[in-house]
Amino acid sequence: NRLIQSLKLKGYGPYKIAYELEKKGIAKEIYHPILFNKNQKFEEILAGLYYKKNKNVPFPQKKEDISKQIRFFVNRGFSLEMIQTCLENFKHFNHQ
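Since this is a predicted model, take the numbers as computed values, not measurements. (Residues numbered from 1 in each chain as written. Predicted model: local features only at pLDDT ≥ 70, side-chain atom pairs only at ≥ 80, totals over all residues. Heavy atoms only, no water.)

Participant: Help me out: how do you make sense of the overall build of the protein chain in this one?
Facilitator: The helix and strand tally for the protein chain stands at six helices and zero strands. Projected onto its principal axes, the C-alpha positions of the protein chain cover 45 × 25 × 20 Å. Per-residue burial for the protein chain yields a buried fraction of 33% across its 96 residues. Long-range contacts, defined here as pairs at least 24 residues apart, represent 60% of the contacts in the protein chain between residues at least 6 apart. For the protein chain, the accessible area works out to roughly 7,000 Å², and carbon and sulfur atoms hold 52% of it. Looking at the protein chain, you have 18 positive and 9 negative side-chain charges, and the mean spots of the two groups are 7 Å apart. (Helix = DSSP H or I, 4+ residues; strand = E, 2+ residues; numbered from the N terminus. Buried < 20%, exposed > 50% of the residue type's maximum accessible area, 1.4 Å probe, protein only. Contact = heavy atoms within 4.5 Å. Areas by Shrake-Rupley, 256 points an atom, 1.4 Å probe, with all protein chains shown as cover. Lys, Arg positive; Asp, Glu negative; His and termini not counted. Charge placed at Lys NZ, Arg CZ, Asp CG, Glu CD.)

Put into structure tokens, the structure is as follows:
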């Protein structure tokens, strides 16, 4: 559980953390219930990471900019669904 928390603090999503745990030989049966528990709040981590990375940049309007951001967050281990929700929230927030 400490390893999961450590990787979360580094800004990694659940799929990257699962990959790192498997590399260390930890069985999926052990980490999966902990990692994919709704209380892990990966959406908040993703939102904080997005804000930190883009705080001085307006919401990207170009498709290539959005694609670049999506690739970055997928590589950090976040699901496409989480990323799209985050981008929609920030897009909606910036247009108010």
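Having seen the model, we can carry on.
Participant: Sorry if this is basic, but what is going on with the confidence of the model for the protein chain here?
Facilitator: Predicted coordinates in areas of low pLDDT are best not read in detail. With 92% of its residues at a pLDDT of 70 or more, the protein chain has an overall mean of 87. Mean pLDDT values over the elements of the protein chain span from 84, in helix 6 (residues 80-94), up to 95, in helix 2 (residues 14-23). (pLDDT = per-residue confidence, 0-100.)

Participant: Where do I start with the packing of helix 1 (residues 2-9) against helix 2 in this structure?
Facilitator: What describes two packed helices is the angle between their axes and the distance between those same axes. The interhelical angle for the contact between helix 1 and helix 2, taken along N-to-C directions, is 135°, at an axis separation of 10 Å. With respect to helix 2, the axis of helix 1 lies oblique. Of the two elements, helix 1 crosses helix 2, and the hand of that crossing is right-handed. The segment helix 1 lies against helix 2, with Leu3, Ile4, Leu7 and Lys8 engaging Ile17, Glu20 and Leu21. Its residues assigned to classes, the contact of helix 1 with helix 2 comprises five nonpolar, no polar and two charged. (Axes fitted to C-alpha atoms, helices over the stretch in contact; angles between N-to-C directions. Parallel < 35°, antiparallel > 145°, perpendicular 65-115°, else oblique. Left-handed = near helix turned anticlockwise from the far one by under 90°. Nonpolar A, V, L, I, M, F, W, Y, C, P; charged D, E, K, R; others polar.)

Participant: Help me out: how do you make sense of the packing of aromatic side chains in this one?
Facilitator: Within a pair of aromatic rings, the relevant descriptors are the distance that separates the centres and the angle that separates the planes. For the structure shown, the criterion picks out four aromatic pairs. Here the aromatic rings of Tyr15 and Phe36 are separated by 5.4 Å at their centres, their planes lie at 55°, and the arrangement is tilted. Of this pair, Tyr15 sits in helix 2 while Phe36 sits in the loop between helix 3 (28-35) and helix 4 (42-54), and the two are 21 residues apart along the sequence. On the basis of relative accessibility, which here comes to 30%, the residue Phe36 falls in the partly exposed class. What links up through ring pairs into an aromatic cluster is the set Tyr50, Phe72, Phe73 and Phe90. The residue whose ring lies beneath Lys8 is Phe42, and the NZ or CZ to ring-centre distance is 5.4 Å. Lying over the aromatic face of Phe72, Lys53 brings its terminal NZ or CZ to 4.3 Å of the ring centre. (Phe/Tyr/Trp six-rings, centres within 6.5 Å; stacked < 30°, edge-to-face > 60°. Lys NZ or Arg CZ within 6 Å of the ring centre and 35° of its normal.)

Participant: When you look at helix 5 (residues 63-75) in this model, what are you seeing that I'm missing?
Facilitator: The α-helix winds at 3.6 residues per turn, so residues separated by three or four positions along the chain end up facing the same way. With 13 residues, helix 5 ought to run about 18 Å at 1.5 Å a step, and its terminal C-alpha atoms sit 18 Å apart, in line with that. Of the residues trailing helix 5, Gly77 is marked for its positive phi of about 100°. (Expected span 1.5 Å × (residues − 1).)

Participant: Sorry if this is basic, but what is going on with the nonpolar core here?
Facilitator: Soluble globular proteins: nonpolar side chains tend toward being buried together. In this structure, Ile17, Leu35, Phe42, Leu46, Phe73 and Phe78 are the most contacted members of the largest nonpolar core, which totals 19 residues. Counting only elements with at least two residues in this core, the list comes to helix 1, helix 2, helix 3, helix 4 and helix 6. Non-local contacts of Leu35, meaning those with residues more than four positions away in its chain, are made with Ile4, Pro14, Ile17, Ala18, Gln40 and Phe42. (Core = buried A, V, L, I, M, F, W, Y, C linked by side-chain atoms within 4.5 Å.)

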